[in-house]
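Architecture at a glance
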Amino acid sequence: MPATPAAIEPRLLRAFLAVAEELHFTRAAARLYVAQQALSRDVRRLERELGAELFVRTTRQVTLTADGERLLPHARRVLAAQDDLLAAFGQARPLLVDLNSAGLATGRRVLHRARELAPDCELMARYESGLTGAAAELLAGRLDASFGRFAGLDPALRSGLEQQPVRYEPMAVVLPEDHPLAGRPAVPLAALAGETVYAGAGNPRTREWTDLALRLFEGRGIRLAPPLPLAVGDEEFERIMSKTRNPILAVVDFPVMPRTVLRPLVDPVPLSPVSLVWRRGLVHPALDALRRAAAEIAKAEGWLRQPADRWIPASDGDVMNVHN
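In this text, all values refer to a predicted model and were calculated from it rather than measured experimentally.

**So, the pairing of strand β6 (residues 161-176)**
In terms of burial, β6 is largely enclosed, as 14 of its 16 residues are buried. Sheet topology note: the β6/strand β12 (residues 269-279) ladder contains nine bridges and is antiparallel. Pairing of Q163 across the sheet is with V277, part of β12. Here β6 runs beside strand β10 (residues 248-251); their pairing, made up of four bridges, is antiparallel. Each bridged residue has a counterpart across the sheet, and for V174 the counterpart in β10 is I248.

What follows is the structure, encoded as structure tokens:
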């Protein structure tokens, strides 16, 4: 067995950690923005330097060896310490920011402003569909920040995360253009009684949104649409929704789909609480810029003001007010 090296390059540990967490070389390479051959080369080099086999590779799967399992917590500690050091001196790695989906405006506006505030930092957009899905990625270190309804997360997930309230986003409904309610400038909640409304039921990544819908629909005679096949991409989502013709619960900045109209909900105005969420203890200059950008836009746009005729779950109000 070769002697233990005096130093191991952090790049090799990052290659190992990506493969260990993804258990798939192609996905790990995409995550690190490197070619798969380069990633495999770095892993083999690390194995040679440590004198240990770290992965069992077959044509069907990749698994950690006992030595790989032993290295994993050490690699995470070393890389976390390096990230903290680089952040302290303004040399941080790119910050990975989840915007949920490409068409939503709140996170996108905050991200664009943060890039202006920190031009020397790299802030990379990601799209995880919902905060429940993003939360697991945040805790695993595969994402750095996301946006969404923090109170809708399981308390076990919230305990490893921090949040900053950004916006009370008024909710809306997407209707087929020939729906009886489509001609109204705004839709009273009472007018949805008897309707079956889609709110992501069955999508494990958006459970916080479905929970918010259930709370809103309760006692109002509005039915939650049953789960649909998970549609990936705007085109597939539009195709599936055009077949069901159910109204879709949304927010006022939701991108309008073909042959539909977007109408705000009123009487009362339901609010979707949006927070900036990140992994507890994360230190990064671009995160500081994100937080400044969120606070700046929220103040300028009045994003955290609530209309008098509003609806919001008490639990959400408590969570948002803790940091207000």
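Anyway, onward from the coordinates.
**Structural notes on the nonpolar core**
Formed by 24 residues in total, the largest nonpolar core has its most connected members in L95, V97, V110, L123, F147, L276 and L290. Every element with two or more residues in this core is listed here: β3 (95-98), α5 (105-117), β5 (145-148), β12 and α10 (285-301). A per-element tally of this core places α10 first, with eight residues. Aside from chain neighbours lying at most four places away, what touches V97 is L111, L123, M124, A125, R126, A145, F147 and L290. If you look at the next biggest cluster of nonpolar residues, it comprises 22 residues, including V43, L46, L64 and A75.

**Considerations on the packing of aromatic side chains**
Considering all chains together, one arrives at two aromatic pairs under this definition. Plain terms: the ring middles of F16 and F55 are 5.5 Å apart, the flat faces sit at 45° to each other, and that makes the pair tilted. Separated by 39 residues along the polypeptide, F16 in helix α1 (residues 10-22) and F55 in strand β1 (residues 55-57) bring together distant segments of the chain. Residue classification places F16 among the buried positions, given a relative accessible area of 0%.

**Here we look at the environment of P176**
Mapped onto the elements, P176 comes out in strand β6. Relative accessible area serves as the criterion here: at 8%, P176 is assigned to the buried category. Discounting residues that sit within four places of it in the chain, P176 has contacts with A182, R245, R259 and T260.

**Here's the deal with the pattern of salt bridges**
Per the stated rule, a full pass over the model turns up 19 salt bridges. The salt bridge involving R11 is made with E9; its shortest N-O contact spans 2.7 Å. Among the residues examined, R11 registers a relative accessible area of 40% and is labelled partly exposed. In this structure E9 comes out as partly exposed when scored by relative accessible area, which is 31%. Residue E116 is joined to R113 by a salt bridge in which the shortest nitrogen-to-oxygen separation is 2.9 Å. Placement of both E116 and R113 in helix α5 is noted, with a separation of three residues, approximately one turn of the helix. Relative accessible area serves as the criterion here: at 24%, R113 is assigned to the partly exposed category. What you see here is one network of salt bridges that share partners, running through E9, R11, D42, R45 and E49.

**Considerations on the environment of D120**
With respect to the helices, strands and loops of the structure, D120 is situated in the loop between α5 and β4 (123-126). When the C-alpha positions of D120 and A286 are compared, they lie 9.0 Å apart, and in sequence the two are 166 residues distant.

**Quick look at the side chain of R279**
Counting through the fold element by element, R279 comes out in strand β12. Take R279: its relative accessible area is 17%, and that puts it in the buried class. Within the structure, the side chain of R279 is placed 2.8 Å from the backbone oxygen of L138, a separation counted as a polar contact. A distance of 3.4 Å separates the side chain of R279 from the side chain of D144, its partner in a polar contact.

**A look at helix α3 (residues 36-50)**
The end-to-end C-alpha separation of α3 is 21 Å, in line with the 21 Å expected for 15 residues at 1.5 Å each. Listed as buried for α3 are L39, S40, D42, V43, L46 and E47. All buried residues of α3 lie within an arc of 160° about the axis, which places them on one face of the element. Exposed side chains of α3 directed beyond 90 degrees from the buried face belong to Q37 and R48. The first or second residue beyond α3 is G51, which carries a positive phi of 65°.

Calculation criteria
Residues numbered from 1 in each chain as written. Predicted model: local features only at pLDDT ≥ 70, side-chain atom pairs only at ≥ 80, totals over all residues. Heavy atoms only, no water. Buried < 20%, exposed > 50% of the residue type's maximum accessible area, 1.4 Å probe, protein only. Helix = DSSP H or I, 4+ residues; strand = E, 2+ residues; numbered from the N terminus. Pairing = 2+ DSSP bridges. Core = buried A, V, L, I, M, F, W, Y, C linked by side-chain atoms within 4.5 Å. Contact = heavy atoms within 4.5 Å. Phe/Tyr/Trp six-rings, centres within 6.5 Å; stacked < 30°, edge-to-face > 60°. Salt bridge = Lys/Arg side-chain N within 4 Å of Asp/Glu carboxyl O. Polar contact = N/O pair within 3.5 Å; in protein donor to acceptor, adjacent residues only side chain to side chain. Expected span 1.5 Å × (residues − 1). Arc of directions from axis to C-beta.

The values reported here are purely geometric and, on their own, carry no functional implication.
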